[in-house]
Number of protein chains: 2
Amino acid sequence: MCEANAYLLQNGEEQLIMQSVDIVRPEKEGVYLQDIFGGQRMVRARIKEMYLVDHKILLEEEDQPS
Amino acid sequence: MCEANAYLLQNGEEQLIMQSVDIVRPEKEGVYLQDIFGGQRMVRARIKEMYLVDHKILLEEEDQPS
């Protein structure tokens, strides 16, 4: 299975916010995440970078400088 | 390996633009993609949705309504 873990970058630290993420969809309010179990979450953030081979999704808060 | 294939949605059709994508990074000019072989590409598009279990990255042109 090729799901990934989603981390939110806050104050320079990466916080794990969701494991086993399957679907990632940027929306106006933030980023929608859905895991392989059907769990859903909307995060007020944007995608900073994704490393698929490392199973890692890195999000950052919207008001941070990119 | 958990790389994915990147498709660009154009006129309702999905065109395969890069295989074996490892890194995905939204930037001002578009979306930066890097494959597992080190190949790089900048696509004038935005991320529409990603399906990690299905190894699929779906991009859409920036001027299309979301």
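Here goes a summary of the coordinates provided. (Residues numbered from 1 in each chain as written. Chains lettered and ligands numbered in written order. Predicted model: local features only at pLDDT ≥ 70, side-chain atom pairs only at ≥ 80, totals over all residues. Heavy atoms only, no water.)

So, about the layout of surface pockets. Quantified by volume, the largest pocket comes out at close to 810 Å³. Lining the largest pocket are 27 residues, and of these P26(A), R46(A), I47(A), P26(B) and R46(B) sit closest to its centre. Mapped by element, the contributors of at least two residues to the lining of the largest pocket are β2 (13-27), β3 (30-35) and β5 (45-51) of chain A together with β2 (13-27), β3 (30-35) and β5 (45-51) of chain B. Take the lining of the largest pocket: its biggest share by element is five residues, from β5(A). (1 Å grid on protein atoms, 1.4 Å probe; cavity = no way out; pocket = protein on both sides within 12 Å on 5 of 7 lines; lining within 4 Å. Points joined across faces, edges and corners; volume = space filled by probe spheres on them. Helix = DSSP H or I, 4+ residues; strand = E, 2+ residues; numbered from the N terminus.)

For the rest of this paragraph, the subject is empty space enclosed by the protein. Going through the model one piece at a time under the given rule, you end up with one cavity of 30 Å³ or more. Taken as a whole, the largest cavity encloses approximately 40 Å³ of empty space. Surrounding the largest cavity, C2(A), A4(A), L52(A), H55(A), C2(B), E3(B), A4(B), L52(B) and H55(B) form its lining. For the lining of the largest cavity, the residue count by class is six nonpolar, two polar and one charged. (Nonpolar A, V, L, I, M, F, W, Y, C, P; charged D, E, K, R; others polar.)

A word on the pattern of salt bridges. Scanning the model with the defined rule gives 10 salt bridges over all chains in all. Close ionic contact of R25(B) with E49(A) constitutes a salt bridge, the shortest N to O distance being 2.7 Å. Here R25(B), found in strand β2, pairs with E49(A), found in strand β5, and the two come from separate chains. Taking the relative accessible area as the measure of exposure, E49(A) reaches 11% and is therefore buried. Note that R46(B) and E60(B) form a salt bridge whose closest N and O atoms lie 3.0 Å from each other. (Salt bridge = Lys/Arg side-chain N within 4 Å of Asp/Glu carboxyl O. Buried < 20%, exposed > 50% of the residue type's maximum accessible area, 1.4 Å probe, protein only.)

Turning our attention to the relation of the copies chain A and chain B. Think of it as a corkscrew move, a rotation about one axis and a shift along it, taking one chain copy to the other. Superposition record for chain A on chain B: RMSD 0.0 Å, screw rotation 180°, translation along axis 0.0 Å. Here the transformation between the copies is reduced to the relation of a two-fold axis. Considering only C-alpha atoms, the residue of chain A closest to the rotation axis is C2(A), which sits at 2.6 Å. The fraction of interface residues of chain A whose copies in chain B are also interface residues reaches 100%, indicating that both copies meet through the same surface. (Least-squares fit on C-alpha atoms with pLDDT ≥ 70 in both. Contact = heavy atoms within 4.5 Å.)

Okay, the state of the cysteines next. By definition, a disulfide links the sulfur atoms of two cysteines through a covalent bond. On inspection of all chains with the given rule, the structure shows one disulfide over all chains. Two residues share a disulfide in this structure: C2(A) and C2(B), whose sulfurs sit 2.1 Å from each other. Between C2(A) and C2(B), the S-S torsion sits near -70°, and that sign places the bridge as left-handed. Taken together, the residues span two chains, with C2(A) in the segment before β1 (4-10) and C2(B) in the segment before β1 (4-10). Side by side, C2(A) and C2(B) carry an identical accessibility label, which is buried. (Disulfide = S-S within 2.5 Å.)

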